[in-house]
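Below, each chain spelled out in residue letters.
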Amino acid sequence: MQDTPSSLTPEKPTGKAPLLWRNTMQHRRMLATLINQLDHALLVTESATRTLEDWSRHHVLATDPTIRAERTPDATRPCPPHLCDHLNVPLSEADRLLRYRHVRLMCGANVLSQADNWYRANLLPPSMNRDLEATDIPFGRIAAQLGFTRHPIATEPLWTPLPEGREAPPMPKENETLLEIPPFLFRHQAVLRQMDGTPFSAVIETYTADLLRFAPPDIKAE
């Protein structure tokens, strides 16, 4: 793991649907498939926001599947050195050239991801900078007019429902109790580039267990 955002904290489940997945092999396999599908979809998309909205609509995470961002005002965090390299920004100039934005992407009461974003404000038009600093609009929607491309640079699984590798612990004894799912599932790092290839933004996105707050196919939600 190259970098762990210090701002990440598990979310309290107040007002959210319960996680109904059971500690059975069937459900663990379903979860592994779902997490892999979402992980892949987010890696190949140009807009994480749009992909999360499609996921929320398909799995009915909320009555309104629209994704909204909750920005943390005045948040600060130094850009990790490896992301400065990807942005072509000398580490000694990072504080001057880069601005930082921390948001939680929400669907209803669910926090689907937490994102740390560093961007080159001098490469963006004034109106875009104003929206980034003063509104809760997701970064991808604000920057959509740039026709940017998204380039993944790292992916990190944070939890797997199935043991992996020779030294993996044995599968817990199967039972019908609710499966304990940790708050974070996986993390992506990516760089956004303008149409001419110029990098203007780097992001670390951590995706949460709230993405799984829907009834498994063989369970009816109460």
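Just above, that's the structure.
Residues numbered from 1 in each chain as written. Predicted model: local features only at pLDDT ≥ 70, side-chain atom pairs only at ≥ 80, totals over all residues. Heavy atoms only, no water.

Asks: Could you give an account of the packing of aromatic side chains, naming the residues involved and the relevant values?
Replies: This model, assessed by the stated rule, comprises seven aromatic pairs. Seen from their ring centres, Trp55 and Phe214 are 6.3 Å apart, and the 70° between their planes marks the pair as edge-to-face. Placement of Trp55 in helix α2 (residues 48-59) and of Phe214 in the segment after β6 (199-208) is noted, with a sequence separation of 159 residues between them. Judged on exposure class, the residue Trp55 and its partner Phe214 are both buried. Each ring, one from Phe139 and one from Phe200, has its centre 6.3 Å from the other, and the planes form 20°; the classification is stacked. Note that Phe139 is positioned in helix α6 (residues 139-142) and Phe200 in strand β6, a separation of 61 residues in sequence. (Phe/Tyr/Trp six-rings, centres within 6.5 Å; stacked < 30°, edge-to-face > 60°. Helix = DSSP H or I, 4+ residues; strand = E, 2+ residues; numbered from the N terminus. Buried < 20%, exposed > 50% of the residue type's maximum accessible area, 1.4 Å probe, protein only.)

Asks: Break down the sheet that holds strand β4 (residues 149-157) for me, with residues and values.
Replies: Strands in a sheet are paired, the pairing made by backbone hydrogen bonds, and the direction either parallel or antiparallel. Read from one edge to the other, the open sheet built from six strands follows the order β1-β2-β3-β6-β5-β4, with strand pairing classed as antiparallel. At either margin of the open sheet sits one strand with a lone partner, and together these are β1 (68-71) and β4. Here the strands of the sheet are splayed against their neighbours by 25° on average, with no regard to which way each runs. One ladder, built from four bridges, connects β1 with strand β2 (residues 98-107); its direction is antiparallel. Within β2, the position partnered with Ala69 by the bridge is Leu105. Relative to the sheet, helix α1 (residues 25-44) contacts β4, β5 (184-193) and β6, its axis offset from that of β5 by approximately 10°. (Pairing = 2+ DSSP bridges. Axes fitted to C-alpha atoms, helices over the stretch in contact; angles between N-to-C directions. Contact = heavy atoms within 4.5 Å.)

Asks: Give a detailed account of the pairing of β2, specifying residues and quantitative values.
Replies: Within β2, eight of the ten residues are buried, which leaves the element mostly enclosed by the surrounding structure. Relative to strand β3 (residues 110-120), β2 runs antiparallel, the two being bridged by ten bridges. Note that in β3 the partner of Met106 across the bridge is Val111. Taking the residues that link successive antiparallel strands as the turn, the β2-β3 hairpin has two residues, and the phi of Gly108 there is positive, at about 60°.

Asks: Let's hear about the pattern of salt bridges: which residues, and what values?
Replies: As enumerated under the stated definition, the model contains twelve salt bridges in all. Note that Asp210 and Lys16 form a salt bridge whose closest N and O atoms lie 2.6 Å from each other. A residue pair is termed long-range when its members are at least 10 positions apart, and Asp210 in the segment after β6 and Lys16 in the segment before α1 qualify at 194 residues. Residue Asp210 is classed as buried on the basis of its relative accessible area, which comes to 4%. Note that Arg57 is salt-bridged to Asp54, the shortest N-O span being 3.4 Å. With Arg57 and Asp54 both in helix α2, this residue pair falls three residues apart, about one helical turn. Judged by relative accessible area, Asp54 falls into the partly exposed class, the value being 44%. A single salt-bridge network, built from bridges that share partners, covers Lys16, Asp210 and Arg213. (Salt bridge = Lys/Arg side-chain N within 4 Å of Asp/Glu carboxyl O.)

Asks: Could you give me a rundown of the environment of Ala202, with the residues and numbers involved?
Replies: The topology assignment puts Ala202 in strand β6. Taking C-alpha positions, Ala202 is 6.4 Å from Tyr119, a pair spaced 83 residues apart along the chain. Excluding its chain neighbours within four sequence positions, the residues that come into contact with Ala202 are Leu83, Leu87, Asp116, Asn117, Trp118, Ala190 and Val191.

Asks: Explain α2 to me, using residue names and the numbers behind them.
Replies: In a regular helix each residue adds 1.5 Å, so twelve residues correspond to 16 Å; α2 covers 16 Å between its end C-alpha atoms and thus fits that length. Of the residues making up α2, those classed as buried are Ala48, Thr49, Thr51, Leu52, Glu53, Trp55, Ser56 and His59. In this structure, the buried side of α2 is in contact with α1, β2, β3, α6, β4 and β6. (Expected span 1.5 Å × (residues − 1).)

Asks: Explain the nonpolar core to me, and be specific about the residues and the numbers.
Replies: Counting residues in hydrophobic clusters, the biggest one holds 32 residues, and the most contacted among them are Trp21, Leu52, Ile181, Leu185 and Leu212. Secondary structure elements with two or more residues in this core: α1, α2, β2, β3, β5 and β6. Look past the residues within four positions of Leu52 in its chain and what remains in contact with it is Leu42, Ile67, Leu105, Leu112, Ser113, Tyr207 and Leu211. Of all hydrophobic cores here, the second largest spans 13 residues; its members include Cys79, Leu87, Ala202 and Ile204. (Core = buried A, V, L, I, M, F, W, Y, C linked by side-chain atoms within 4.5 Å.)

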